[in-house]
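# Examination of the molecular architecture
Here is how the chains run, residue by residue.
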Amino acid sequence: MKIYVDADACPVTRIVEKVAKEFKIDVVLLCDTNHILNSDYSEICVIGVGSDAVDIALINKCQRGDIVVTQDYGVAALALGKNAYAIHQSGKEFTDDNIDGLLMDRHLAKKTRLSSAKPHIKGPKKRTVQDDKNFEQSFRELVLRVI
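All of these numbers come straight from a predicted model, not from anything done at the bench. (Residues numbered from 1 in each chain as written. Predicted model: local features only at pLDDT ≥ 70, side-chain atom pairs only at ≥ 80, totals over all residues. Heavy atoms only, no water.)

### Section: the overall build of the protein chain
Counting its secondary structure elements, the protein chain contains five helices and six strands. Moving toward the C terminus, one meets the helices and strands of the protein chain in the order β-α-β-β-α-β-α-β-β-α-α. A globule of 147 residues ought to have a C-alpha radius of gyration of about 15 Å, and the protein chain, at 15 Å, matches this closely. Each of the three principal axes of the protein chain carries a C-alpha extent, and together these read 50 × 35 × 30 Å. (Helix = DSSP H or I, 4+ residues; strand = E, 2+ residues; numbered from the N terminus. Rg over C-alpha atoms; globule rule 2.2 N^0.38 Å.)

Spelled out as structure tokens, the structure:
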């Protein structure tokens, strides 16, 4: 088992590494050439710039039983299709039971934005210490369940 992190602007990379170290699980951080990552624990894979290049590389590396940390519903769906596990940076686990609804919500939101006179929406709210605690708890529970 390995943990793959869609690490482009991922706010939970250090939490993933902390938990992975405790359980001696290998971590691979994937990012594009626009990001600079440093780690004394994880393998870092820098992928060329391109639409979805990091996502495609992550899914190509991912195997059954691995854990994928991503905020991208499409990447999560592909990971689940490979019988891997997927978790959002919020701590919400992606499952076969919820992924279809999440993808549909994403599609409908995009459709609404494109048909609106003001297609820009507000970004996510600022991340809090409690958000990090919630992620760590959910991630730790997932790791324990998988191993």
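### Quick word on the sheet that holds strand β6 (residues 93–94)
Taken in spatial order, the six strands of this open sheet run β3-β2-β1-β4-β5-β6, and their pairing is mixed. With partners counted over all chains shown, the strands left at the sheet margins are β3 (43–47) and β6, one partner each. (Pairing = 2+ DSSP bridges.)

### Considerations on helix α5 (residues 129–146)
Compared with an ideal rise of 1.5 Å per residue, which puts 18 residues at 26 Å, α5 spans 26 Å between its outermost C-alpha atoms and is within 8% of the ideal. Within the sequence span of α5, burial applies to Phe 135, Glu 136, Phe 139, Leu 142 and Val 143. All buried residues of α5 lie within an arc of 135° about the axis, which places them on one face of the element. Turned more than 90 degrees away from the buried face of α5, the exposed residues are Gln 137 and Arg 145. Of the surrounding secondary structure, the elements contacted by the buried residues of α5 are β1 (2–6), α1 (13–23), β4 (67–69), β5 (85–87) and β6. (Expected span 1.5 Å × (residues − 1). Buried < 20%, exposed > 50% of the residue type's maximum accessible area, 1.4 Å probe, protein only. Arc of directions from axis to C-beta. Contact = heavy atoms within 4.5 Å.)

### Here we look at a nonpolar patch on the surface
Together, Met 1, Leu 144 and Ile 147 make up a nonpolar patch on the protein surface, roughly 290 Å² of accessible area in all. Mapped onto the elements of the fold, Ile 147 is located in the segment after α5. You can call Ile 147 exposed: its relative accessible area is 57%. (Patch = residues over 30% accessible without salt bridge, like charges linked within 9 Å, V, L, I, M, F, W, Y side chains within 5 Å. Areas by Shrake-Rupley, 256 points an atom, 1.4 Å probe, with all protein chains shown as cover. Salt bridge = Lys/Arg side-chain N within 4 Å of Asp/Glu carboxyl O.)

### A few points about the side chain of Asp 55
Tracing the backbone through its elements, the reader meets Asp 55 in helix α2 (residues 53–61). Beyond its immediate stretch of four places on either side in the chain, Asp 55 contacts Asp 6, Asp 72 and Val 75.

### Notes on the nonpolar core
Tyr 4, Leu 30, Ile 47, Leu 58, Val 68, Ala 79 and Phe 94 are the most contacted members of the largest nonpolar core, which totals 21 residues. Where this core is concerned, the elements lending two or more residues are β2 (26–32), β3, α2, α3 (73–81) and α4 (99–115). Take this core: its biggest share by element is five residues, from α2. Not counting residues up to four positions away in its chain, the partners in contact with Tyr 4 are Val 28, Leu 30, Leu 58, Lys 61, Cys 62, Asp 66, Ile 67, Val 68 and Val 69. The next biggest cluster of nonpolar side chains, apart from the first, holds 19 residues, and it includes Ala 7, Ala 20, Leu 29 and Val 69. (Core = buried A, V, L, I, M, F, W, Y, C linked by side-chain atoms within 4.5 Å.)

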